[in-house]
Amino acid sequence: VSQDPIDRLRDELVAAAKRKQIADARRLRRRRHGLIGGLGAMLVLVGAPIAASLTGVVELGSGTTRSGKTYTVEQLGGGVRVEGGSPFEGRRGEICQRIRVRDAAGELIVRTSACHAATSDEVVLGSAVFMAQLGEGVLVSGSVPSEVATVEVSGARPPELLSVAGTDRRAFIALSSDAAPVVTALNDDTDVVGRRRFELPEPSR
Amino acid sequence: MTAYQATSQVGLCHAALKSDEQLIAETAADPAAFGVFYERHIYTVLAVVRSRVPMEVAFDITAEVFAIALKSSNRFRDRGKGSALAWIIGIARIEIADHGRMAARDMRAVRRLGMTRVDLTDAEIRALEARVDARRTDVMIHLRDLPEHERLAVFEYIVQEREYGSIADRHGISEAAVRKRVSRALASLRRQWGKETQL
(Lines give C-alpha, C1' and ligand atoms only; values in the text may rest on other atoms or scores of the structure.)
Protein backbone atom coordinates (compact mmCIF):
# COMPACT_ATOMS: atom_id res chain seq x y z
CA VAL A 1 0.00 0.00 0.00
CA SER A 2 1.43 3.33 -1.01
CA GLN A 3 2.19 5.82 1.75
CA ASP A 4 2.04 8.83 -0.53
CA PRO A 5 -1.05 10.90 0.44
CA ILE A 6 -1.68 11.72 -3.24
CA ASP A 7 -1.88 7.98 -4.01
CA ARG A 8 -3.94 7.28 -0.88
CA LEU A 9 -6.51 9.89 -1.92
CA ARG A 10 -6.64 8.49 -5.46
CA ASP A 11 -7.21 4.98 -4.11
CA GLU A 12 -10.02 6.29 -1.87
CA LEU A 13 -11.64 8.05 -4.85
CA VAL A 14 -11.44 5.04 -7.15
CA ALA A 15 -12.90 2.81 -4.41
CA ALA A 16 -15.71 5.36 -3.87
CA ALA A 17 -16.35 5.46 -7.64
CA LYS A 18 -16.76 1.66 -7.62
CA ARG A 19 -19.21 1.83 -4.71
CA LYS A 20 -21.11 4.59 -6.52
CA GLN A 21 -21.26 2.48 -9.69
CA ILE A 22 -22.88 -0.38 -7.73
CA ALA A 23 -25.29 1.95 -5.88
CA ASP A 24 -26.32 3.70 -9.13
CA ALA A 25 -27.04 0.37 -10.83
CA ARG A 26 -29.14 -0.76 -7.85
CA ARG A 27 -31.08 2.52 -7.78
CA LEU A 28 -31.77 2.26 -11.52
CA ARG A 29 -33.13 -1.28 -11.12
CA ARG A 30 -35.47 -0.15 -8.32
CA ARG A 31 -36.70 2.82 -10.30
CA ARG A 32 -37.42 0.67 -13.37
CA HIS A 33 -39.24 -1.81 -11.20
CA GLY A 34 -41.35 0.92 -9.63
CA LEU A 35 -42.33 2.68 -12.81
CA ILE A 36 -42.69 -0.19 -15.23
CA GLY A 37 -46.35 -0.84 -14.47
CA GLY A 38 -47.79 2.41 -15.71
CA LEU A 39 -45.55 3.37 -18.55
CA GLY A 40 -48.12 2.72 -21.25
CA ALA A 41 -48.62 6.38 -21.88
CA MET A 42 -45.78 8.11 -23.69
CA LEU A 43 -47.25 11.50 -24.08
CA VAL A 44 -46.60 15.05 -24.62
CA LEU A 45 -48.37 16.86 -21.92
CA VAL A 46 -48.76 19.16 -19.24
CA GLY A 47 -46.34 21.95 -18.78
CA ALA A 48 -47.52 24.31 -16.16
CA PRO A 49 -51.30 24.77 -16.39
CA ILE A 50 -52.94 21.53 -17.30
CA ALA A 51 -55.28 22.96 -19.90
CA ALA A 52 -58.82 21.89 -20.58
CA SER A 53 -57.66 20.85 -24.01
CA LEU A 54 -56.04 17.90 -22.31
CA THR A 55 -59.33 16.08 -22.14
CA GLY A 56 -59.26 13.37 -24.71
CA VAL A 57 -55.53 13.76 -25.30
CA VAL A 58 -54.11 12.36 -22.09
CA GLU A 59 -54.07 8.65 -21.61
CA LEU A 60 -54.49 7.21 -18.18
CA GLY A 61 -51.47 5.95 -16.28
CA SER A 62 -48.17 7.56 -15.53
CA GLY A 63 -45.14 8.57 -17.47
CA THR A 64 -42.66 11.30 -18.19
CA THR A 65 -43.20 14.35 -20.36
CA ARG A 66 -40.63 15.50 -22.89
CA SER A 67 -39.47 18.10 -20.43
CA GLY A 68 -38.79 15.38 -17.86
CA LYS A 69 -41.82 15.93 -15.61
CA THR A 70 -43.42 12.80 -14.24
CA TYR A 71 -47.17 12.57 -13.81
CA THR A 72 -50.05 10.26 -13.00
CA VAL A 73 -53.57 10.40 -14.32
CA GLU A 74 -56.15 8.29 -12.50
CA GLN A 75 -59.67 7.69 -13.79
CA LEU A 76 -62.12 7.45 -10.93
CA GLY A 77 -65.78 6.59 -10.63
CA GLY A 78 -68.19 8.88 -12.47
CA GLY A 79 -65.51 10.13 -14.83
CA VAL A 80 -63.71 12.04 -12.08
CA ARG A 81 -60.01 12.26 -12.77
CA VAL A 82 -57.06 12.97 -10.48
CA GLU A 83 -53.92 14.38 -12.04
CA GLY A 84 -50.78 14.28 -9.94
CA GLY A 85 -47.99 16.48 -11.22
CA SER A 86 -44.28 15.88 -10.96
CA PRO A 87 -43.38 15.48 -7.27
CA PHE A 88 -40.71 17.90 -6.15
CA GLU A 89 -38.62 18.80 -3.13
CA GLY A 90 -39.94 21.81 -1.23
CA ARG A 91 -37.86 24.64 0.14
CA ARG A 92 -37.48 23.00 3.55
CA GLY A 93 -36.79 19.54 2.15
CA GLU A 94 -40.43 18.45 2.25
CA ILE A 95 -41.95 16.29 -0.50
CA CYS A 96 -44.61 18.15 -2.46
CA GLN A 97 -46.97 17.25 -5.27
CA ARG A 98 -49.47 19.41 -7.13
CA ILE A 99 -52.81 17.72 -7.45
CA ARG A 100 -55.73 18.60 -9.71
CA VAL A 101 -59.08 16.90 -9.72
CA ARG A 102 -61.40 17.25 -12.72
CA ASP A 103 -64.95 16.15 -13.31
CA ALA A 104 -66.08 14.09 -16.27
CA ALA A 105 -66.33 17.21 -18.43
CA GLY A 106 -62.73 18.15 -17.67
CA GLU A 107 -63.70 21.05 -15.38
CA LEU A 108 -61.27 21.70 -12.57
CA ILE A 109 -62.88 20.88 -9.22
CA VAL A 110 -59.96 20.92 -6.81
CA ARG A 111 -56.47 22.23 -7.17
CA THR A 112 -54.11 21.83 -4.25
CA SER A 113 -50.48 21.24 -3.28
CA ALA A 114 -49.97 18.43 -0.80
CA CYS A 115 -46.68 18.59 1.09
CA HIS A 116 -45.24 16.57 3.94
CA ALA A 117 -41.95 16.70 5.76
CA ALA A 118 -39.52 14.00 4.70
CA THR A 119 -37.25 14.16 7.70
CA SER A 120 -38.69 11.33 9.76
CA ASP A 121 -37.39 7.74 9.61
CA GLU A 122 -40.93 6.52 9.05
CA VAL A 123 -41.29 4.54 5.82
CA VAL A 124 -44.68 5.89 4.71
CA LEU A 125 -45.06 9.64 5.00
CA GLY A 126 -47.86 11.72 3.68
CA SER A 127 -51.06 13.66 4.11
CA ALA A 128 -54.75 13.10 3.45
CA VAL A 129 -57.05 15.45 1.55
CA PHE A 130 -60.77 15.19 2.17
CA MET A 131 -62.71 14.52 -1.02
CA ALA A 132 -66.17 14.04 0.43
CA GLN A 133 -67.67 16.69 -1.84
CA LEU A 134 -66.98 14.33 -4.74
CA GLY A 135 -68.39 11.38 -2.93
CA GLU A 136 -65.15 9.59 -3.69
CA GLY A 137 -63.43 9.10 -0.37
CA VAL A 138 -60.01 10.20 0.81
CA LEU A 139 -57.14 11.29 -1.37
CA VAL A 140 -53.79 10.27 0.12
CA SER A 141 -50.60 11.92 -1.03
CA GLY A 142 -47.38 10.46 0.32
CA SER A 143 -43.87 9.25 -0.26
CA VAL A 144 -41.76 6.17 0.44
CA PRO A 145 -37.99 5.55 0.39
CA SER A 146 -36.34 3.95 -2.65
CA GLU A 147 -36.21 0.43 -1.16
CA VAL A 148 -40.02 0.26 -1.39
CA ALA A 149 -41.14 -1.51 -4.57
CA THR A 150 -44.93 -1.21 -4.33
CA VAL A 151 -47.56 0.44 -2.18
CA GLU A 152 -51.00 -0.92 -1.31
CA VAL A 153 -53.82 1.36 -0.22
CA SER A 154 -56.96 -0.05 1.33
CA GLY A 155 -59.80 0.06 -1.13
CA ALA A 156 -57.70 1.36 -4.01
CA ARG A 157 -55.55 -0.16 -6.70
CA PRO A 158 -51.76 0.23 -6.22
CA PRO A 159 -50.64 3.73 -7.20
CA GLU A 160 -47.55 4.38 -9.29
CA LEU A 161 -44.43 5.56 -7.51
CA LEU A 162 -42.90 8.66 -9.05
CA SER A 163 -39.33 9.79 -8.45
CA VAL A 164 -38.86 13.01 -6.52
CA ALA A 165 -36.07 15.16 -7.92
CA GLY A 166 -33.35 15.85 -5.38
CA THR A 167 -34.32 13.05 -2.97
CA ASP A 168 -34.15 9.26 -2.75
CA ARG A 169 -37.89 9.08 -1.99
CA ARG A 170 -40.71 8.35 -4.43
CA ALA A 171 -44.15 9.87 -4.22
CA PHE A 172 -47.64 8.53 -4.83
CA ILE A 173 -51.25 9.65 -4.78
CA ALA A 174 -54.20 7.36 -4.24
CA LEU A 175 -57.91 7.79 -3.74
CA SER A 176 -59.47 5.37 -1.29
CA SER A 177 -63.11 4.72 -0.53
CA ASP A 178 -62.00 3.91 3.02
CA ALA A 179 -62.56 6.86 5.37
CA ALA A 180 -59.26 6.07 7.13
CA PRO A 181 -57.09 4.43 4.47
CA VAL A 182 -54.13 2.27 5.43
CA VAL A 183 -51.06 2.50 3.21
CA THR A 184 -48.76 -0.53 3.23
CA ALA A 185 -45.26 -0.41 1.74
CA LEU A 186 -43.73 -3.60 0.32
CA ASN A 187 -40.19 -4.34 -0.81
CA ASP A 188 -39.04 -6.39 -3.86
CA ASP A 189 -39.70 -9.63 -1.95
CA THR A 190 -43.22 -8.39 -1.05
CA ASP A 191 -42.23 -8.12 2.62
CA VAL A 192 -44.09 -5.38 4.47
CA VAL A 193 -41.53 -2.70 5.34
CA GLY A 194 -43.88 0.00 6.58
CA ARG A 195 -47.53 0.76 7.21
CA ARG A 196 -49.47 3.86 8.13
CA ARG A 197 -53.08 4.74 8.74
CA PHE A 198 -54.18 8.13 7.45
CA GLU A 199 -56.72 9.93 9.58
CA LEU A 200 -58.52 12.97 8.32
CA PRO A 201 -57.88 16.07 10.38
CA GLU A 202 -60.71 17.37 12.52
CA PRO A 203 -62.72 19.94 10.57
CA SER A 204 -61.89 23.45 11.70
CA ARG A 205 -64.67 25.42 13.36
CA MET B 1 5.84 3.55 -9.79
CA THR B 2 3.09 2.77 -7.29
CA ALA B 3 1.27 -0.54 -6.96
CA TYR B 4 -1.82 1.03 -8.49
CA GLN B 5 0.10 2.28 -11.51
CA ALA B 6 1.77 -1.10 -12.01
CA THR B 7 -1.46 -3.11 -11.91
CA SER B 8 -3.41 -0.78 -14.15
CA GLN B 9 -0.66 0.08 -16.61
CA VAL B 10 -2.51 -1.21 -19.67
CA GLY B 11 -5.75 0.49 -18.70
CA LEU B 12 -3.93 3.72 -18.04
CA CYS B 13 -2.27 3.60 -21.46
CA HIS B 14 -5.70 3.53 -23.07
CA ALA B 15 -7.13 6.07 -20.64
CA ALA B 16 -4.19 8.41 -21.21
CA LEU B 17 -5.34 8.82 -24.80
CA LYS B 18 -8.75 10.03 -23.71
CA SER B 19 -9.77 13.62 -23.07
CA ASP B 20 -10.75 14.79 -19.58
CA GLU B 21 -14.33 15.08 -20.76
CA GLN B 22 -14.36 11.46 -21.96
CA LEU B 23 -12.92 10.31 -18.64
CA ILE B 24 -15.67 12.03 -16.67
CA ALA B 25 -18.32 10.65 -19.01
CA GLU B 26 -16.94 7.14 -18.54
CA THR B 27 -16.63 7.34 -14.75
CA ALA B 28 -20.07 5.80 -14.15
CA ALA B 29 -19.15 2.70 -16.15
CA ASP B 30 -15.42 2.62 -15.42
CA PRO B 31 -14.45 3.96 -11.98
CA ALA B 32 -10.73 3.82 -12.88
CA ALA B 33 -11.35 6.61 -15.42
CA PHE B 34 -11.88 8.99 -12.52
CA GLY B 35 -8.50 7.93 -11.12
CA VAL B 36 -6.84 9.01 -14.37
CA PHE B 37 -8.68 12.35 -14.32
CA TYR B 38 -7.56 12.80 -10.70
CA GLU B 39 -3.93 12.07 -11.56
CA ARG B 40 -3.97 14.61 -14.37
CA HIS B 41 -5.33 17.44 -12.27
CA ILE B 42 -4.57 16.79 -8.61
CA TYR B 43 -1.63 19.19 -8.56
CA THR B 44 -3.46 21.90 -10.47
CA VAL B 45 -6.40 21.77 -8.06
CA LEU B 46 -4.12 21.49 -5.05
CA ALA B 47 -2.12 24.52 -6.26
CA VAL B 48 -5.29 26.56 -6.78
CA VAL B 49 -6.58 25.69 -3.29
CA ARG B 50 -3.17 26.01 -1.64
CA SER B 51 -2.90 29.59 -2.92
CA ARG B 52 -5.71 30.51 -0.49
CA VAL B 53 -5.33 28.23 2.54
CA PRO B 54 -2.63 26.31 4.44
CA MET B 55 -1.58 22.94 3.04
CA GLU B 56 -3.25 20.73 5.67
CA VAL B 57 -6.59 22.44 4.97
CA ALA B 58 -5.87 22.59 1.23
CA PHE B 59 -5.50 18.82 1.07
CA ASP B 60 -8.85 18.31 2.83
CA ILE B 61 -10.55 20.79 0.52
CA THR B 62 -8.98 19.12 -2.52
CA ALA B 63 -10.26 15.74 -1.33
CA GLU B 64 -13.74 17.25 -0.98
CA VAL B 65 -13.49 18.89 -4.43
CA PHE B 66 -12.74 15.56 -6.12
CA ALA B 67 -15.40 13.80 -4.02
CA ILE B 68 -18.00 16.37 -5.14
CA ALA B 69 -16.86 15.97 -8.75
CA LEU B 70 -17.20 12.19 -8.46
CA LYS B 71 -20.61 12.43 -6.81
CA SER B 72 -21.93 14.75 -9.50
CA SER B 73 -20.00 13.31 -12.46
CA ASN B 74 -23.29 12.33 -14.12
CA ARG B 75 -24.34 15.99 -14.06
CA PHE B 76 -21.21 17.17 -15.88
CA ARG B 77 -22.00 18.73 -19.26
CA ASP B 78 -19.30 18.43 -21.89
CA ARG B 79 -18.97 21.88 -23.45
CA GLY B 80 -15.85 21.09 -25.39
CA LYS B 81 -12.19 20.56 -24.67
CA GLY B 82 -11.11 22.13 -21.40
CA SER B 83 -14.60 22.14 -19.89
CA ALA B 84 -13.81 19.33 -17.40
CA LEU B 85 -10.81 21.21 -16.01
CA ALA B 86 -12.84 24.42 -15.83
CA TRP B 87 -15.60 22.46 -14.08
CA ILE B 88 -13.37 21.06 -11.33
CA ILE B 89 -11.65 24.39 -10.79
CA GLY B 90 -15.10 25.94 -10.51
CA ILE B 91 -15.93 23.42 -7.76
CA ALA B 92 -12.63 24.25 -6.06
CA ARG B 93 -13.47 27.96 -6.09
CA ILE B 94 -16.83 27.33 -4.46
CA GLU B 95 -15.27 25.09 -1.83
CA ILE B 96 -12.60 27.67 -1.06
CA ALA B 97 -15.32 30.31 -0.64
CA ASP B 98 -17.29 27.91 1.59
CA HIS B 99 -14.22 27.33 3.70
CA GLY B 100 -14.01 31.05 4.33
CA ARG B 101 -17.60 31.00 5.60
CA MET B 102 -17.28 27.93 7.79
CA ALA B 103 -15.05 27.52 10.80
CA ALA B 104 -14.24 23.90 10.02
CA ARG B 105 -14.57 21.83 6.88
CA ASP B 106 -17.31 19.28 7.25
CA MET B 107 -16.27 17.27 4.14
CA ARG B 108 -19.83 16.28 3.38
CA ALA B 109 -19.18 14.59 0.01
CA VAL B 110 -16.20 12.64 1.37
CA ARG B 111 -18.38 11.31 4.20
CA ARG B 112 -21.33 10.49 1.93
CA LEU B 113 -19.09 8.51 -0.40
CA GLY B 114 -17.80 6.53 2.57
CA MET B 115 -14.22 7.64 1.98
CA THR B 116 -11.63 7.52 4.73
CA ARG B 117 -10.09 10.88 5.39
CA VAL B 118 -6.40 11.07 4.40
CA ASP B 119 -4.56 12.57 7.35
CA LEU B 120 -1.19 14.16 6.72
CA THR B 121 1.95 14.00 8.83
CA ASP B 122 4.19 17.07 9.13
CA ALA B 123 6.71 15.45 6.81
CA GLU B 124 4.03 14.78 4.20
CA ILE B 125 2.82 18.37 4.44
CA ARG B 126 6.37 19.63 3.83
CA ALA B 127 6.82 17.24 0.89
CA LEU B 128 3.51 18.29 -0.64
CA GLU B 129 4.33 21.98 -0.21
CA ALA B 130 7.55 21.43 -2.15
CA ARG B 131 5.83 19.49 -4.93
CA VAL B 132 2.97 21.96 -5.28
CA ASP B 133 5.30 24.96 -5.25
CA ALA B 134 7.41 23.34 -7.95
CA ARG B 135 4.35 22.57 -10.03
CA ARG B 136 2.93 26.06 -9.54
CA THR B 137 6.19 27.57 -10.76
CA ASP B 138 6.11 25.22 -13.74
CA VAL B 139 2.57 26.26 -14.57
CA MET B 140 3.48 29.92 -14.39
CA ILE B 141 6.51 29.33 -16.65
CA HIS B 142 4.47 27.39 -19.16
CA LEU B 143 1.68 29.93 -19.07
CA ARG B 144 4.27 32.65 -19.70
CA ASP B 145 5.58 30.68 -22.67
CA LEU B 146 2.16 30.52 -24.33
CA PRO B 147 1.36 32.99 -27.12
CA GLU B 148 -0.38 36.07 -25.73
CA HIS B 149 -3.79 35.32 -27.30
CA GLU B 150 -3.79 31.73 -25.96
CA ARG B 151 -2.68 32.80 -22.47
CA LEU B 152 -5.49 35.36 -22.30
CA ALA B 153 -8.07 32.88 -23.55
CA VAL B 154 -7.12 30.16 -21.05
CA PHE B 155 -6.95 32.68 -18.21
CA GLU B 156 -10.39 34.11 -18.92
CA TYR B 157 -12.01 30.73 -19.53
CA ILE B 158 -10.53 28.76 -16.64
CA VAL B 159 -9.52 31.24 -13.99
CA GLN B 160 -12.23 33.85 -14.55
CA GLU B 161 -14.82 31.23 -15.61
CA ARG B 162 -16.16 33.30 -18.48
CA GLU B 163 -18.27 31.63 -21.15
CA TYR B 164 -16.79 31.12 -24.62
CA GLY B 165 -19.38 33.53 -26.02
CA SER B 166 -18.48 36.29 -23.56
CA ILE B 167 -14.74 35.95 -24.30
CA ALA B 168 -15.49 36.02 -28.01
CA ASP B 169 -17.47 39.26 -27.63
CA ARG B 170 -14.72 40.90 -25.57
CA HIS B 171 -12.07 40.17 -28.18
CA GLY B 172 -14.23 40.56 -31.25
CA ILE B 173 -13.60 37.03 -32.51
CA SER B 174 -15.79 34.00 -33.10
CA GLU B 175 -16.68 31.53 -30.36
CA ALA B 176 -15.02 28.79 -32.40
CA ALA B 177 -11.78 30.75 -32.39
CA VAL B 178 -11.90 31.08 -28.59
CA ARG B 179 -12.49 27.33 -28.23
CA LYS B 180 -9.52 26.66 -30.46
CA ARG B 181 -7.27 28.99 -28.45
CA VAL B 182 -8.26 27.46 -25.12
CA SER B 183 -7.92 23.97 -26.51
CA ARG B 184 -4.45 24.66 -27.94
CA ALA B 185 -3.28 26.30 -24.74
CA LEU B 186 -4.45 23.39 -22.58
CA ALA B 187 -2.93 20.85 -24.94
CA SER B 188 0.33 22.73 -24.84
CA LEU B 189 0.32 22.92 -21.02
CA ARG B 190 -0.54 19.23 -20.79
CA ARG B 191 2.33 18.34 -23.12
CA GLN B 192 4.75 20.32 -21.01
CA TRP B 193 3.53 18.79 -17.73
CA GLY B 194 3.59 15.34 -19.30
CA LYS B 195 7.20 15.77 -20.35
CA GLU B 196 8.23 16.74 -16.86
CA THR B 197 6.33 13.92 -15.23
CA GLN B 198 8.17 11.44 -17.40
CA LEU B 199 11.59 12.90 -16.58
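### Side note on the overall build of chain B
Broken down by element type, chain B carries 11 helices and 0 strands. The helix and strand sequence of chain B, counted from the amino end, reads α-α-α-α-α-α-α-α-α-α-α. Residue burial in chain B is summarised as follows: out of 199 residues, 45% are buried. Contacts in chain B between residues at least 24 apart in sequence constitute 65% of all its contacts with a sequence separation of at least 6. Of the roughly 10400 Å² of accessible surface on chain B, a fraction of 53% belongs to carbon and sulfur atoms.

### Some points on the environment of Pro145 of chain A
On the secondary structure map, Pro145 of chain A appears in the loop between β8 (138–144) and β9 (150–153). It is 9.5 Å that separates the C-alpha atoms of Pro145 of chain A and Asp121 of chain A, two residues lying 24 residues apart in sequence.

### Here we look at the interface of chain A and chain B
By a widely used convention, the size of an interface equals the accessible area lost when the partners come together. Opposite the 19 residues of chain A that make contact, chain B presents 32 residues. Each partner contributes to the roughly 2100 Å² buried at the junction of chain A and chain B, and carbon and sulfur atoms together form 67% of this total. When the buried surface of chain A facing chain B is broken down by residue, Ile6, Arg10 and Leu13 of chain A rank first, second and third, together holding 30% of it. For the interface between chain A and chain B, the tally reads 3 salt bridges.

### Looking at unusual backbone geometry
All names here are of chain A. Even without being a glycine, Thr190 presents a positive backbone phi close to 60°. Structurally, Thr190 is set in the loop between β12 (182–186) and β13 (192–197). On the basis of relative accessible area, Thr190 is assigned to the exposed category, the value being 56%.

### Side note on the nonpolar core
Judged by nonpolar contacts, the single largest core of 60 residues is most densely connected at Leu9 of chain A together with Phe66 and Ile88 of chain B. The dominant element in this core, judged by the number of residues it contributes, is helix α4 (residues 31–50) of chain B, at 11 residues. If sequence neighbours within four positions are ignored, Ile88 of chain B has contacts with Phe37, Val45, Val65, Phe66 and Ala69 of chain B. In this structure, Val144, Val148, Leu161 and Phe198 of chain A belong to the second largest nonpolar core, which totals 15 residues.

### Some points on helix α5 (residues 55–71) of chain B
Taking 1.5 Å of rise per residue, 17 residues should cover 24 Å, and α5 of chain B covers 24 Å from first to last C-alpha, within 8% of that figure. For α5 of chain B, the buried fraction is high: 13 of the 17 residues fall into the buried class.

### A few points about the pairing of β12 of chain A
Residues and elements named next belong to chain A. The buried fraction of β12 is high, at 4 of 5 residues. Alignment of β9 against β12, held across 4 bridges, turns out to be antiparallel. Each bridged residue has a counterpart across the sheet, and for Thr150 the counterpart in β12 is Leu186. Sheet topology places β12 next to β13; 5 bridges connect them, and they run antiparallel. Each residue of the ladder has a partner; that of Val182, found in β13, is Arg197. With antiparallel pairing between neighbouring strands as the criterion, β12 and β13 make up a hairpin whose turn holds 5 residues, including Thr190 at a positive phi of roughly 60°.

### Regarding a positive patch on the surface
All names here are of chain B. Together, Lys71, Arg75, Arg111 and Arg112 make up a region of like positive charge exposed at the surface. Its place among the elements puts Lys71 in helix α5. According to the relative accessible area criterion, Lys71 is partly exposed, its value standing at 34%.

### Thoughts on the packing of α4 of chain B against α5 of chain B
Residues and elements named next belong to chain B. In contact at an axis separation of 9 Å, α4 and α5 are set at 140° when each is read in the N-to-C sense. Considered as vectors, α4 and α5 are oriented oblique to each other. For the element pair α4 and α5, the recorded crossing hand is right-handed. On α5, the residues touching Phe34, Phe37, Tyr38, His41, Ile42, Val45, Leu46, Val49 and Arg50 of α4 are Met55, Ala58, Phe59, Ile61, Thr62, Val65, Phe66, Ala69 and Leu70. Class assignment of the residues belonging to the contact of α4 with α5 gives a composition of 15 nonpolar, 2 polar and 1 charged.

### Description of the confidence of the model for chain B
All names here are of chain B. Looking at chain B, the pLDDT average stands at 78 and 78% of residues meet or exceed 70. No element of chain B has a lower mean pLDDT than helix α1 (residues 3–7), which averages 36, and none a higher one than α5, which averages 91. The low-confidence segment residues 1–13, where pLDDT is below 50, has 13 contacts with residues more than four positions distant or belonging to other chains. Model confidence for the complex: the whole-complex pTM is 0.47, and ipTM, which rates the interface, is 0.70.

### Here we look at the side chain of Glu150 of chain B
Residue and element names in this part refer to chain B. The residue Glu150 is located in helix α9 (residues 148–159) in this model. Despite its burial, Glu150 remains without a salt bridge, the nearest opposite charge being carried by Arg184 at 4.6 Å. What Glu150 contacts, discounting residues up to four positions off in sequence, is Arg181, Arg184 and Ala185.

Cut-offs applied
Residues numbered from 1 in each chain as written. Chains lettered and ligands numbered in written order. Predicted model: local features only at pLDDT ≥ 70, side-chain atom pairs only at ≥ 80, totals over all residues. Heavy atoms only, no water. Helix = DSSP H or I, 4+ residues; strand = E, 2+ residues; numbered from the N terminus. Buried < 20%, exposed > 50% of the residue type's maximum accessible area, 1.4 Å probe, protein only. Contact = heavy atoms within 4.5 Å. Areas by Shrake-Rupley, 256 points an atom, 1.4 Å probe, with all protein chains shown as cover. Buried area = accessible area lost by both parts, 1.4 Å probe. Salt bridge = Lys/Arg side-chain N within 4 Å of Asp/Glu carboxyl O. Core = buried A, V, L, I, M, F, W, Y, C linked by side-chain atoms within 4.5 Å. Expected span 1.5 Å × (residues − 1). Pairing = 2+ DSSP bridges. Patch = residues over 30% accessible without salt bridge, like charges linked within 9 Å, V, L, I, M, F, W, Y side chains within 5 Å. Lys, Arg positive; Asp, Glu negative; His and termini not counted. Charge placed at Lys NZ, Arg CZ, Asp CG, Glu CD. Axes fitted to C-alpha atoms, helices over the stretch in contact; angles between N-to-C directions. Parallel < 35°, antiparallel > 145°, perpendicular 65-115°, else oblique. Left-handed = near helix turned anticlockwise from the far one by under 90°. Nonpolar A, V, L, I, M, F, W, Y, C, P; charged D, E, K, R; others polar. pLDDT = per-residue confidence, 0-100.

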